[in-house]
Amino acid sequence: MCLSIPSKVVSVDREKNTAVVDTMGVKREAGLDLMEEGSVNVDDYVLIHIGFVMNKIDEEDALESLKVYHEILAKMDEEERSRVVLEDDNCENRGTP
Amino acid sequence: MSELKLKDLYDGFRDPATIRMLSAQIGEAAKALHEPLRIMEVCGGHTHTIMKYGLPQLLPDNIDFIHGPGCPVCIMPKERIDHAIALARMDDTILVTLGDMIRVPGSQSSLAVERAAGRDIRPLYTPMDALKIAKEHPDKRVIFFAIGFETTTPMTAALLHAAIAQKVTNLYFHINHVLVPPAIDAIMSDGRAKINAFIGPSHVSVITGAKIYAPLPEKYGTPVVVCGFEPVDVMQGILMAVRQQAEGRAELEIEYSRSVTMEGNVKAQQLIDTYLRARSHFRWRGIGDIPDSALELKPEFAHLDAEKVFAEVLPTEPIDDHKLCICGTILKGLAKPMECKVFGTACTPNTPLGSCMVSSEGACNAYYRYAGVLG
Ligand code: SF4
Ligand code: SF4
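The structure contained in this document is the topic of the report that follows. (Residues numbered from 1 in each chain as written. Chains lettered and ligands numbered in written order. Predicted model: local features only at pLDDT ≥ 70, side-chain atom pairs only at ≥ 80, totals over all residues. Heavy atoms only, no water.)

**Things to note about the pattern of salt bridges**
Residue and element names in this part refer to chain B.
- In this structure the tally under the stated criterion is 19 salt bridges over all chains.
- Here arginine 283 makes a salt bridge to glutamate 79, at a shortest N to O gap of 2.7 Å. Of the two residues, arginine 283 sits in strand β10 (residues 276–284) while glutamate 79 sits in helix α4 (residues 78–88), which places them 204 residues apart along the sequence.
- Overall, glutamate 79 belongs to the buried group, its relative accessible area being 9%.
- Measuring nitrogen to oxygen at the nearest pair gives 3.5 Å for the salt bridge that ties lysine 132 to aspartate 129. (Salt bridge = Lys/Arg side-chain N within 4 Å of Asp/Glu carboxyl O. Helix = DSSP H or I, 4+ residues; strand = E, 2+ residues; numbered from the N terminus. Buried < 20%, exposed > 50% of the residue type's maximum accessible area, 1.4 Å probe, protein only.)

See below:
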């Protein structure tokens, strides 16, 4: 199921056309193939789906929802947190509406 | 490791005060309705939110939910799963796909059963991994069984793009991407479901833009609200739909403005258009044939199309669901899971007879888990 936790862009590799993003403290790589060249930059907030950046999110909105996620995730340990984050991105049927 | 699941996290997004307030506002607005509001939620993710939070109980009697066909696993006809199995049984082949698809029964077997029997079938975390696997195994053919609605289609297109650019020649595609608007159209023009409002799933619209729903209000006079997945989002979306109906409006509105625009992701749309085109026919499990409701590779990429290249091993017979299974009727908005004779008895998530119970997004699965039938 899609919580779609906003991720923050930490670095961009223009050569490989990928970005490293931070989702609630969990870092992973995501492809930029669906985004206009140069449109995704460090510090932007983005939505990730099965390994790709799907779109950008308005910073204010992103911070607002991150507040809620943080409260919940603060209660988990490291391992649990990374599992939850990866599971969110890996929503099995996303691709559904 | 604790058994915390992602769905439990939803609890944190349930702000009781906000939900109660929305519930009261909906109750107030619904008094002005001239006829009951039958809202179809197209996406399985919405069905889950609705059932898990008992939202129907927070709504006045003149508002009812109709569950739509919104799960790519639920609507995959058995013959397509049989295709995947036939492909996986070929020598020197690695079949790769996403998610729940592996567990869904075909006519005689499933990908999970085939994998246990020694076939090389791998679930992917991201479609791009298919490219990696193809490069690591130049002596094998790797077949990507691509599934999903508009949300996952651009990722398949990106994989196609990368495979062609990098001249990888042992990666093939079996395309099963389906489209939401033709399915809604099929249900509406059938007419029996009597739906008079929609909440549209936000993730499809992130890619396509909310504009894909624009014809619905015009054609059928139904409000459409594109909506997020948290309970607060869904309640807010319902309120917007009720207000429209009460005021005699039928418009397309966006509740989930934090990531959905009218236009969507144009680059992703262009990528899809480069490689894929509408398929003239696709049979939706339970619903039947819907014209132009799915995509296929364009003819110039036929050499990558597993349906063409391996046509001789693919079965062609359409295969229906178990006789007792009423998934089709449910997907058309004409019945609820409890009306199925074997719901919760012969058919459970562990022993599913139909896809609506297999898929974690399926309506039967959601009812089973949350509607108090667990005993
Ligand atoms: S069905 Fe799709 S959009 Fe709906 S919750 Fe699952 S992945 Fe998300
Ligand atoms: S309960 Fe099982 S058999 Fe009945 S409609 Fe649902 S999936 Fe089909």
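Having seen the model, we can carry on.
**A closer look at the nonpolar core**
All names here are of chain B.
- Core analysis: the biggest nonpolar cluster contains 115 residues, and Leu95, Leu171, Phe173, Phe198, Tyr213 and Trp284 have the highest contact counts within it.
- Residue contributions to this core peak at seven residues, all from helix α7 (residues 153–165).
- Ignoring anything within four residues of it in the chain, the contact list for tyrosine 213 reads Val180, Ile184, Gly200, Pro201, Val204, Ser205, Val224, Val226 and Leu252.
- Counting residues in hydrophobic clusters, the runner-up holds 25 residues, among them Ile19, Leu22, Ala29 and Cys227. (Core = buried A, V, L, I, M, F, W, Y, C linked by side-chain atoms within 4.5 Å. Contact = heavy atoms within 4.5 Å.)

**Describing the sheet that holds strand β5 (residues 141–148) of chain B**
Residues and elements named next belong to chain B.
- Taken in spatial order, the four strands of this open sheet run β4-β3-β5-β6, and their pairing is parallel. Every interior strand has two partners, whereas the edge strands, β4 (121–123) and β6 (171–177), have only one. Averaged over all pairs of adjacent strands, the angle between strand axes in this sheet comes to 20 degrees, irrespective of strand direction. (Pairing = 2+ DSSP bridges. Axes fitted to C-alpha atoms, helices over the stretch in contact; angles between N-to-C directions.)

**With respect to a negative patch on the surface**
- Taken together, the side chains of Asp43, Asp58, Glu59 and Glu60 of chain A present a region of like negative charge at the surface.
- Considering the arrangement of structural elements, one finds glutamate 60 of chain A in helix α1 (residues 59–73). (Patch = residues over 30% accessible without salt bridge, like charges linked within 9 Å, V, L, I, M, F, W, Y side chains within 5 Å. Areas by Shrake-Rupley, 256 points an atom, 1.4 Å probe, with all protein chains shown as cover. Lys, Arg positive; Asp, Glu negative; His and termini not counted. Charge placed at Lys NZ, Arg CZ, Asp CG, Glu CD.)

**A closer look at the layout of surface pockets**
- Here the largest pocket is characterised by a volume of approximately 440 Å³.
- Every residue lining the largest pocket is counted, 18 residues in all, and those nearest its centre are Thr18 and Glu29 of chain A together with Met128, Asp129 and Lys132 of chain B.
- Among the secondary structure elements, those contributing two or more residues to the lining of the largest pocket are β3 (26–31) of chain A together with α6 (128–136) of chain B.
- No other element matches α6 of chain B, which puts five residues into the lining of the largest pocket.
- Considering only residue class, the lining of the largest pocket consists of six nonpolar, six polar and six charged. (1 Å grid on protein atoms, 1.4 Å probe; cavity = no way out; pocket = protein on both sides within 12 Å on 5 of 7 lines; lining within 4 Å. Points joined across faces, edges and corners; volume = space filled by probe spheres on them. Nonpolar A, V, L, I, M, F, W, Y, C, P; charged D, E, K, R; others polar.)

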